[in-house]
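# Understanding the architecture of this molecule
For reference, the chains in residue letters:
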Amino acid sequence: MRAFLSCLSLKKNKQKPRYQEAIILASETSFTINEIKALYDLFKKLSNCIYDDGLIHKEEFHLALLRNSHKQNLFADRVFDLFDVKRNGVIEFEEFVRSLSIFHPNAPKEDKITFAFRLYDLRETGYIEHEELKEMVLAILTESELTLSDEEVESIVNKTMMEADSKGDGKIDQEEWKELVEKNPALIKNMTLPYLKDITLAFPSFILNTDFEE
């Protein structure tokens, strides 16, 4: 979230979500109406960092997460792809809220496990294979500015595959992934962002600046 704040802009979105839409989102996500108003103000600022069109483009997403709109990062790309539910190359406000809701402390654990699985399933085959796991481990290490030798990375990947692949077919399916997470809860630790529990207290100015249509 701190990285997001580096991208703030005071430009207005051209389209305001209606209050009724906020009510629907609040009923179908882990957020309250006030929190959705706060997220709308954040969305406005993020979506106007580079392109003034009220949509979050990949470059703006990278700028928010990585402080660099041109930096390549597999992890950021994958998160963007999962937020972009419509697969049209941009993140709309409803997609932003619904996807971010998975990271809410009150979101169902099952949703977090499923999202994390999809994050690692780079080729969207319904399985996590050795190379996909290795690519994501390397991406996470890069994002965390950590450096491990090739041998250490390979050891982590091999150990994880051995522990998770209970069926012995060389890949991890959703059932095996769930079992792995149950034994290693830290795997989805980053799927919970504590400040989302009451974003209006963390960023009270959002509510003061929000202008939903009634």
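All values reported here derive from a predicted model rather than from experimental measurement.

## Re the overall build of the chain
Helix and strand counts for the chain stand at 12 helices and four strands. Relative to its 214 residues, the chain shows a buried fraction of 43%. Restricting the contact set of the chain to residue pairs at least 6 apart, pairs at least 24 apart contribute 62%. Surface summary for the chain: the accessible area is close to 11500 Å², and the carbon and sulfur share equals 52%.

## Details of the UniProt feature "domain: EF-hand" (unreviewed entry) in the chain
Those places that UniProt annotates as "domain: EF-hand" (unreviewed entry) correspond, in this numbering, to residues 71-106, 108-143 and 152-187. Its end C-alpha atoms 32 Å apart, residues 71-106 is made of 53% helix and 6% strand. Annotation note: span residues 108-143, helix share 72%, strand share 6%, distance between end C-alpha atoms 26 Å.

## Some thoughts on the environment of Asn-184
Topologically, Asn-184 is positioned in the loop between α10 (174-183) and α11 (199-202). For Asn-184, a relative accessible area of 26% puts it in the partly exposed group. Polar contacts involving the side chain of Asn-184 include one to the side chain of Glu-163, which spans 3.0 Å.

## A short note on the packing of helix α2 (residues 19-28) against helix α6 (residues 93-101)
One way to put it is that α2 packs onto α6 with a least axis distance of 10 Å and a crossing angle of 20°. With respect to α6, the element α2 is oriented roughly parallel. In this structure, α2 crosses over α6, and the sense of that crossing is right-handed. Contact residues: α2 offers Ile-24, Leu-25 and Glu-28, while α6 offers Phe-93, Glu-94, Val-97 and Arg-98.

## What to know about helix α3 (residues 33-46)
Side chains of residues three or four places apart in an α-helix project in the same direction, reflecting 3.6 residues per turn. With 14 residues, α3 should cover 20 Å at 1.5 Å per step; its first-to-last C-alpha distance of 20 Å lies within 8% of that length. Among the 14 residues of α3, 11 are classified as buried, and the element is accordingly described as predominantly covered. Within the sequence span of α3, burial applies to Glu-35, Ile-36, Ala-38, Leu-39, Tyr-40, Asp-41, Leu-42, Phe-43, Lys-44, Lys-45 and Leu-46.

## So, the side chain of Ser-99
Within the element layout of this structure, Ser-99 appears in helix α6. Take Ser-99: its relative accessible area is 4%, and that puts it in the buried class. For Ser-99, the residues in contact, after removing those within four places along its chain, are Leu-82, Phe-83 and Val-85.

## Section: helix α7 (residues 109-120)
For α7, built from 12 residues, the straight-helix expectation of 16 Å at 1.5 Å per residue is met to within 8% by its first-to-last C-alpha distance of 17 Å. Considered for burial, the residues of α7 that qualify are Lys-112, Ile-113, Phe-115, Ala-116, Phe-117, Leu-119 and Tyr-120. Along its buried surface, α7 packs onto α5 (74-83), β3 (128-129), α8 (130-143), β4 (171-172) and α10.

## Details of the side chain of Thr-29
Note that Thr-29 resides in the loop between α2 and α3. For Thr-29, a relative accessible area of 15% puts it in the buried group. Side-chain polar atoms of Thr-29 contact the backbone oxygen of Leu-25, separated by 2.7 Å. Engagement of the side chain of Thr-29 in a polar contact is seen with the backbone nitrogen of Phe-31, the distance being 3.3 Å. Beyond its immediate chain neighbours, meaning those up to four positions away, Thr-29 contacts Ile-36, Val-97, Arg-98 and Ser-101.

The rules behind each value
Residues numbered from 1 in each chain as written. Predicted model: local features only at pLDDT ≥ 70, side-chain atom pairs only at ≥ 80, totals over all residues. Heavy atoms only, no water. Helix = DSSP H or I, 4+ residues; strand = E, 2+ residues; numbered from the N terminus. Buried < 20%, exposed > 50% of the residue type's maximum accessible area, 1.4 Å probe, protein only. Contact = heavy atoms within 4.5 Å. Areas by Shrake-Rupley, 256 points an atom, 1.4 Å probe, with all protein chains shown as cover. UniProt positions renumbered as here; feature names shortened; annotations may be inferred. Polar contact = N/O pair within 3.5 Å; in protein donor to acceptor, adjacent residues only side chain to side chain. Axes fitted to C-alpha atoms, helices over the stretch in contact; angles between N-to-C directions. Parallel < 35°, antiparallel > 145°, perpendicular 65-115°, else oblique. Left-handed = near helix turned anticlockwise from the far one by under 90°. Expected span 1.5 Å × (residues − 1).

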